[in-house]
Amino acid sequence: MDEANRADPPNWIQQHAVYQDLMHLDVGDSAQVYAAFLVYMELTEVRKWKEVVGVSCPELQAVLLEGREKEGEAVQMIYPLPSHRSIKHRELRTVLDRGVPMLLCAVASDSSLVYQRLCDGLLTPDPPVDIQDQGRRQHRKRRLQT
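Everything in this summary refers to the structure shown in the same document. (Residues numbered from 1 in each chain as written. Predicted model: local features only at pLDDT ≥ 70, side-chain atom pairs only at ≥ 80, totals over all residues. Heavy atoms only, no water.)

As for the environment of Glu 91
Structurally, the position occupied by Glu 91 is in helix H5 (residues 89–96). With sequence-adjacent residues up to four places away left out, Glu 91 is seen in contact with Leu 60 and Ser 86. (Helix = DSSP H or I, 4+ residues; strand = E, 2+ residues; numbered from the N terminus. Contact = heavy atoms within 4.5 Å.)

Topic: unusual backbone geometry
Phi at Lys 48 is positive, roughly 60 degrees, even though this residue is not glycine. Looking at the element boundaries, Lys 48 is found in the loop between helix H4 (30–46) and strand E1 (50–57). Overall, Lys 48 belongs to the partly exposed group, its relative accessible area being 48%. A positive phi angle, close to 55 degrees, is found at Glu 51, a residue other than glycine. Residue class for Glu 51 comes out partly exposed when judged on its relative accessible area of 47%. (Buried < 20%, exposed > 50% of the residue type's maximum accessible area, 1.4 Å probe, protein only.)

Thoughts on the nonpolar core
In this structure, Leu 22, Val 39, Leu 65 and Ile 78 are the most contacted members of the largest nonpolar core, which totals 21 residues. For this core, the element with the highest residue contribution is H4, accounting for eight residues. In this structure, Leu 81, Val 95, Leu 96 and Leu 104 belong to the second largest nonpolar core, which totals 13 residues. (Core = buried A, V, L, I, M, F, W, Y, C linked by side-chain atoms within 4.5 Å.)

Section: the pairing of strand E4 (residues 102–107)
Of all six residues in E4, five are buried; the element is thus mostly enclosed. Relative to E4, strand E3 (residues 76–82) runs parallel, the two being bridged by six bridges. Following the sheet pairing, Met 77 is matched in E4 by Met 102. Each parallel crossover has a hand, and for E3 linked through H5 to E4 it is right-handed. Sheet topology note: the E4/strand E5 (residues 113–118) ladder contains six bridges and is antiparallel. Across the sheet, Met 102 pairs through a bridge with Leu 118, a residue of E5. (Pairing = 2+ DSSP bridges. Right-handed = clockwise from strand over helix to strand, strands pointing away.)

What to know about the sheet that holds strand E2 (residues 62–68)
An order of E1-E2-E3-E4-E5 is seen for the five strands of this open sheet, with the pairing classed as mixed. Every other strand in the sheet has two partners, leaving E1 and E5 as the edge strands with one partner each. Strand after strand, the sheet turns through a mean of 25 degrees between neighbouring axes, direction not considered. Against the sheet, H5 engages E1, E2, E3, E4 and E5, with an angle of about 135 degrees to E4. (Axes fitted to C-alpha atoms, helices over the stretch in contact; angles between N-to-C directions.)

Right, dumping it as structure tokens:
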């Protein structure tokens, strides 16, 4: 099998209505459209996002996704990016300047997805959910001081 045929998505994907809608956005990059479709499926079927739609971004010649993580929350922009592609700072600025929270989603060749939240400026991360401070740090400091 030659390299071109391996890059084609499976037949059921090509027949999927959402994939066809994304292809009709005419961005000219079938690998990026395929990545957008994989992200769309994960957001809607696994993470249960609401109102996820594909939008064309002519400046990037890419398909972006817009959706809500939960009903009634603010719309977020998702930029699906095949992992073998590079991205420039000005391209990220194009999306960030839209004024909508943004997720960059790297899509690996094995369909693994990695999300990175991007913002305009610095963002303090949320504390971990499962970790509780058990005071060990203070105890360690006391031992070192004596």
